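Structural overview for review
Read off the chains here:
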Amino acid sequence: MKAVELNGFEGLESLRVIEVEKPKPGATEILLEVKAAGINFAEIEMTKGRYPAVRKLPFVMGFEAAGIVVEAGSQAKNVKVGDKITAIVSSGGYAEYATADAGFAIPIPDGISFAEAATIPIHGLSAYALLKFAAKPQPKESLLIQAAAGGVGLYLVQLAKILGVTRVIALASSKEKTDLVTTLGADVAINYSNGDWTDRVMEATGGKGVDIVLEAASGKVGEESFKLAAPFGRIVVFGAKNIHDTISTEQIRQIVYKNQSLIGFNIPTLRPEQIGECIPGLLNLIAQGKLKLFAGNSFPLSHVKEAFEALSSRRTIGKVVLIP
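From a predicted model like this one, the values you see are computed outputs, not experimental measurements. (Residues numbered from 1 in each chain as written. Predicted model: local features only at pLDDT ≥ 70, side-chain atom pairs only at ≥ 80, totals over all residues. Heavy atoms only, no water.)

1. Re the sheet that holds strand β9 (residues 142–145)
Test applied: DSSP calls a pair of strands paired once it identifies at least 2 bridges connecting them. Secondary structure elements are taken from DSSP: a helix is a run of H or I of four residues or more, a strand is a run of E of two residues or more, and numbering for both begins at the N terminus. In this analysis an axis means a line fitted to C-alpha atoms, helices contributing only their contacting stretch, and an angle means the value between N-to-C directions, from 0 to 180 degrees. Residue contacts are defined here by distance: any two heavy atoms, one from each residue, within 4.5 Å place the two residues in contact.
Read from one edge of the open sheet, six strands run β11-β10-β9-β12-β13-β14, paired in parallel fashion. The two strands at the open ends of the sheet, each matched to only one other strand, are β11 (188–191) and β14 (261–264). In this sheet, adjacent strand axes meet at a mean angle of 20 degrees when their direction is disregarded. Here three bridges tie β9 to strand β12 (residues 210–215), and the two strands are oriented parallel to one another. The residue bridging L144 from the neighbouring strand is V213, located in β12. Across the sheet, helix α4 (residues 151–162) is in contact with β9, β10 (167–172) and β12; its angle to β9 comes to roughly 170 degrees. Lying over the sheet, helix α6 (residues 197–204) contacts β9, β10, β11 and β12, oriented at roughly 170 degrees with respect to β11.

Below, the structure written as structure tokens:
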């Protein structure tokens, strides 16, 4: 079968499409004929050695995939051949076939495409779990979402409004993106490419600052977002970029003097039962049509470098997927 292998940490030059043996499912695993594989920013960082590699080099890349079950191990439960599922995969999703633990298989709701389903295991569950376990927003609080037109951001905007948050402030990098998040329910949408974006956030909160800052951007946007937190506010740090950041003396002083909380979030290290708590609620919202899924950026498996470049450039909206 065809697959995308990572053979070094020199960026996109370390990616190559190769022929490998089809993986064999273990006793509790399933074999998936991959129809769409999601690309995540952490995987871009991995090609540069800036995110922990899942296995020793070389290996087939891809955290997640959606497709059809073509084989099930002898002890695989609640999944059968022919089922349409999406999952975190164990053998690498950038391939024509991939294995996954049957216990992690998520049934694809009716009317959802394979590409759309590829948004669920990481982006969808990350957003749902982040709000449930880390941010814990209350209806009267304000919430700042960076990269609101990205894969996780689009889920966050919609989920926050479903939870009843009355002041969702969404940051995006173009008018097209700010218009989109407005249609999804954002109360205030701000183009952070404009120099006055921090002033506009403060105006949107009546000058007091944001109750909850969801910080994944790092860099200058991250630093400025940190400063926007209100007294007794919560700053939730997540995403592949922030794992290399340091907390400055000024930021520590801000947290102490303003009685703020700094919270970390990382979905791979949640307990399986915590992730299990999130799946039914998320799937119900999708099945009821209350969540719109975005996966309009599809590339053939052989064009993996172009797909990575598109995601890196921030010119995409929603999920970027590979189609074997």
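2. Here we look at the sheet that holds strand β1 (residues 2–6)
Backbone hydrogen bonds hold the strands of a sheet together, and the pairing may be parallel or antiparallel. Strand order in the open sheet made by the three strands is β2-β1-β4, with antiparallel pairing throughout. A strand with exactly one partner marks an edge of an open sheet, and here the two such strands are β2 (15–19) and β4 (59–60). As paired elements, β1 and β2 share five bridges and run antiparallel to each other. The partner of V4 across the bridge, within β2, is V17.

3. What to know about the packing of helix α3 (residues 120–135) against helix α9 (residues 272–287)
Heads up, the rule is: Any angle that is under 35 degrees is reported as roughly parallel, and any over 145 degrees as roughly antiparallel; angles of 65 to 115 degrees are reported as roughly perpendicular and all others as oblique. Classes in brief: Ala, Val, Leu, Ile, Met, Phe, Trp, Tyr, Cys and Pro nonpolar; Asp, Glu, Lys and Arg charged; the others, Gly included, polar.
The geometry of α3 relative to α9 is characterised by a closest axis approach of 9 Å and an angle of 110 degrees between their N-to-C directions. Accordingly, the angle class assigned to the pair α3 and α9 is roughly perpendicular. For the pair formed by α3 and α9, the contact residues are I120, G124, L125, Y128, A129, K132 and F133 on the first element and Q274, I275, E277, C278, I279, G281, L282, L283, L285 and I286 on the second. Grouping the constituent residues of the contact of α3 with α9 by class yields 12 nonpolar, three polar and two charged.

4. Focus: the environment of T205
Condition: Relative accessible area decides the class of each residue, using a 1.4 Å probe on protein chains only: under 20% of the type maximum gives buried, over 50% gives exposed, and in between gives partly exposed.
With respect to the helices and strands, the residue T205 is situated in the loop between α6 and β12. Assessed through its relative accessible area of 14%, T205 is described here as buried. Taking the C-alpha atoms as reference points, T205 and G73, separated by 132 residues in sequence, lie 54 Å from one another. Excluding its chain neighbours within four sequence positions, the residues that come into contact with T205 are S142, I169 and V210.

5. Structural notes on the nonpolar core
Our working rule: Only buried residues count toward a nonpolar core, which is a set of Ala, Val, Leu, Ile, Met, Phe, Trp, Tyr and Cys residues joined through side-chain atoms within 4.5 Å.
Counting residues in hydrophobic clusters, the biggest one holds 53 residues, and the most contacted among them are L130, Y155, L156, L214 and F265. Those elements giving two or more residues to this core turn out to be α2 (114–117), α3, β9, α4, β10, α5 (175–183), β12 and α9. It is α3 that provides the largest number of residues to this core, a total of eight residues. Those residues in contact with F265, other than ones at most four positions away along the chain, are S126, A129, L130, A134, V236, V237, F238, G239 and L270. Counting residues in each nonpolar core, the second largest holds 38 residues, with L15, M61, A105 and L322 among its members.

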